[in-house]
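# A look at the structure
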Amino acid sequence: MKILVNCSLPFGLAHGGQAIQIQRTMAALGGIGITVEPLRWWDEQQTGDVILYFGRMPAEHIRFARRKKMKVVMAELLTAQGSRSTAQLRRQKMLSRCIARLAPRSFIAAFNWDSYRLADAFVALTSWEKHLMEYMFDADPKKTFVVPNGVEDVFFQSPKAERGPWLVCTATITERKRVLELAEAAVAAQAPTWIIGRAYADNDPYAQKFFQLAKANPKFIRFEGAISDRARLAEIYRAARGFVLLSTMESLSLSALEAAACECPLLLSDLPWARSTFNETASYCPITSTTGTATVLRKFYDAAPSLPCPPKPATWLEVARQLKTVFERVLNQKPET
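Source: prediction; values computed, not measured.

### Observations regarding the packing of aromatic side chains
Counted under the stated rule, the structure contains nine aromatic pairs. Geometry around Trp-194 places Arg-222 over its ring, the cationic atom sitting 3.5 Å from the centre. Of note, Arg-241 hangs over the ring of Tyr-301, and the distance from its end group to the ring centre comes to 4.2 Å.

This is the structure in structure tokens:
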């Protein structure tokens, strides 16, 4: 079995969870004996059995793969759709169907909706994303599988530590992650919060506002940039009072899973991805004003020492074994006519 991995966003353009997800997935697949390579767009001699595509693979490319006798497993992050209300999703689906009926074929092709009809299997990170693939894009439920992100062994192996006074948030400094809003709420609630991460660009106006707020409030906001040492990050999670992530959109937060592996209480935005993953083992905050967020944050800060631990997430090797099962399944499928 030989897996070719491709994605829709070059790592050098935007750091973040998807790059880590792909890197760890490839390493884990290799760790269970599967041959895995990046798909080399310049190499017309490259061969493989399955293309694992992180994103929505263009429908025409799937047709090309089929002619080469390659299977396609598509793993698209439905981050935006996954954060919309039921009413918004219903309107989106109605609009999509109207466009599909009335718009020219050349216009419709750009959306690559056919990709959900043509691919051999689909991988969703959560049960909620599986539902969205089936509801929004008519993916075949028999071809749709839930395979979560994994967590590196270093987070499971980190020794227990005494919990300190700092909440911790690990996130890119950008609007979607609402790091500035979290910092404002932390100051208002007088809940010491350690922000770990970096901006896409330090001259970004949003990031600049956060930097200024952190500098002006060192008693309640700790910021020293990103931490690349995974063992050090595990130590921080172990000693944190709690983990906080109040983003407006997520698929399945790697940092939340890492904190969960370190038995850190969780406060997350009240969104379907979080509820479907952690159920009642996490605390939730609506996406609301600074005052409202500060009230929830203070309540979580006070309660954190007595809150239950979230469930242990999967390891990357466990994820790799689940993916192997999906690959074996598609390779055993009879070719579609």
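Anyway, onward from the coordinates.
### So, the layout of surface pockets
Reported here for the second largest pocket is a volume of approximately 480 Å³. Around the second largest pocket sit 17 residues that line it, and Leu-39, Gln-46, Ile-51, Lys-68 and Met-70 are the ones nearest its centre. Broken down by element, the residue count for the lining of the second largest pocket peaks at three residues, all from helix H2 (residues 59-67). For the lining of the second largest pocket, the class distribution of residues is nine nonpolar, four polar and four charged.

### Looking at the pairing of strand E3 (residues 50-54)
E3 sits mainly inside the fold: five of its five residues count as buried. Burial along E3 is two-sided: Val-50, Leu-52 and Phe-54 facing one way and Ile-51 and Tyr-53 facing the other are all buried. With five bridges connecting them, strand E1 (residues 2-7) and E3 associate as parallel partners. Note that in E3 the partner of Cys-7 across the bridge is Phe-54. Examined bridge by bridge, E3 and strand E4 (residues 71-74) share four bridges and lie parallel to one another. Considered in E4, the bridge of Leu-52 is made with Val-73. Handedness of the β-α-β unit built from E3, H2 and E4 comes out right-handed.

### A look at the nonpolar core
Phe-210, Phe-243, Leu-268, Trp-273, Phe-278 and Leu-297 are the most contacted members of the largest nonpolar core, which totals 57 residues. Per-element accounting of this core gives the leading share, seven residues, to helix H8 (residues 179-189). In this structure Phe-210 touches Ile-173, Val-179, Leu-180, Ala-183, Ile-195, Ile-221 and Phe-223, once residues within four positions along its chain are discounted.

### Re the side chain of Arg-238
Mapped onto the secondary structure, Arg-238 falls in helix H10 (residues 230-239). At 3.0 Å, the side chain of Arg-238 forms a polar contact with the backbone oxygen of Ser-158. For Arg-238, the side chain forms a polar contact with the main-chain oxygen of Cys-262, separated by 3.4 Å. When near neighbours in sequence (up to four residues on either side) are disregarded, Arg-238 contacts Phe-155, Phe-156, Ser-158, Pro-159, Lys-160, Ala-161, Arg-163, Ala-261, Cys-262, Glu-263 and Lys-312.

### Some details on the state of the cysteines
Here the structure, examined in full by the defined rule, presents zero disulfides. The cysteine Cys-264 is free of any disulfide, with Cys-262 supplying the nearest cysteine sulfur at 7.7 Å. Classification of Cys-264 as buried rests on a relative accessible area of 0%.

### Section: the packing of helix H1 (residues 17-31) against helix H14 (residues 316-331)
Where H1 contacts H14, the two axes come as close as 8 Å, and the packing angle between them is 75°. Considering the angle they form, H1 stands roughly perpendicular to H14. Facing Gln-21, Arg-24, Thr-25, Ala-28, Leu-29 and Gly-31 of H1, the residues of H14 in contact are Trp-316, Leu-317, Ala-320, Leu-323 and Phe-327. The residue makeup of the contact of H1 with H14, split by class, is seven nonpolar, three polar and one charged.

### Focus on the packing of H10 against helix H11 (residues 254-261)
The axes of two packed helices give the description: the angle between them and the distance between them. It is the contact of H10 with H11, at a shortest axis distance of 9 Å, that shows an interaxial angle of 65°. Between H10 and H11, the angle is such that the two are roughly perpendicular. In terms of crossing hand, the pair formed by H10 and H11 is right-handed. On H11, the residues touching Arg-230, Leu-233, Tyr-237 and Arg-238 of H10 are Ser-255, Glu-258, Ala-259 and Ala-261.

### Focus on the sheet that holds E4
The strands making up a sheet associate through backbone hydrogen bonding, with each pair oriented either parallel or antiparallel. Read across the open sheet, the six strands follow the order E2-E1-E3-E4-E5-E6; overall the sheet is parallel. Edge strands, defined here as strands with exactly one partner in the open sheet, are strand E2 (35-38) and strand E6 (144-146). When strand polarity is set aside, the average angle formed by the axes of neighbouring strands in this sheet is 25°. Across the sheet, H14 is in contact with E1, E3, E4, strand E5 (121-124) and E6; its angle to E4 comes to roughly 140°.

What counts, and where the lines are drawn
Per chain, residues are indexed from 1 in the order of the written sequence. Per-residue local features are limited, in this predicted model, to residues with pLDDT of at least 70; the limit for side-chain atom pairs, both in listing and counting, is 80 or more; totals at the level of whole chains, interfaces and linings are taken over all residues. Excluding hydrogens and water, the side-chain figures rest on all heavy atoms present in the structure. Each aromatic pair joins two rings of Phe, Tyr and Trp (for Trp, the six-membered one) with centres within 6.5 Å, and gets the label stacked for planes under 30 degrees apart, edge-to-face for over 60, and tilted for any other angle. When the NZ atom of lysine or the CZ atom of arginine is within 6 Å of a ring's centre and also within 35 degrees of its normal, the charge is said to sit over that ring. The pocket and cavity definitions rest on a 1 Å grid over protein atoms only: a 1.4 Å probe that fits but cannot leave marks a cavity, an open set with protein on both sides within 12 Å along at least five of seven lines marks a pocket, and residues lining either have an atom within 4 Å of a point. Grid points are joined across faces, edges and corners, and a volume is the space filled by probe spheres set on the points. Under the DSSP-based scheme used, a helix requires at least four consecutive residues in state H or I and a strand at least two consecutive residues in state E, with every element numbered from the N terminus. The classification used treats Ala, Val, Leu, Ile, Met, Phe, Trp, Tyr, Cys and Pro as nonpolar, Asp, Glu, Lys and Arg as charged, and all other residues, Gly among them, as polar. Type-normalised accessible area, obtained with a 1.4 Å probe on protein chains alone, sets the label of each residue: buried when under 20%, exposed when over 50%, and partly exposed for intermediate values. Note on pairing: two strands pair once DSSP finds at least 2 bridges between them. Handedness is read with the strands pointing away from the viewer; a crossover is right-handed when the path from the first strand over the helix to the second is clockwise. We call a set of buried Ala, Val, Leu, Ile, Met, Phe, Trp, Tyr and Cys residues a nonpolar core when their side-chain atoms join them within 4.5 Å. Contacts were defined at the residue level, with two residues in contact if any of their heavy atoms lie within 4.5 Å. Distance and chemistry together define a polar contact, namely a pair of N or O atoms within 3.5 Å, with one atom able to donate a hydrogen and the other to accept it when in protein, and with adjacent residues in sequence counting only for side-chain atoms on both sides. Note on disulfides: each one is a pair of cysteine sulfur atoms within 2.5 Å. Helix axes are fitted to C-alpha atoms over the stretch in contact, other axes to C-alpha atoms as well, and angles between N-to-C directions run from 0 to 180 degrees. Orientation labels follow simple angle bins: below 35 degrees gives roughly parallel, above 145 gives roughly antiparallel, 65 to 115 gives roughly perpendicular, and whatever is left gives oblique. In this scheme, a crossing is called left-handed if the near helix is turned counterclockwise away from the far one by less than a right angle; it is called right-handed if the turn is clockwise.

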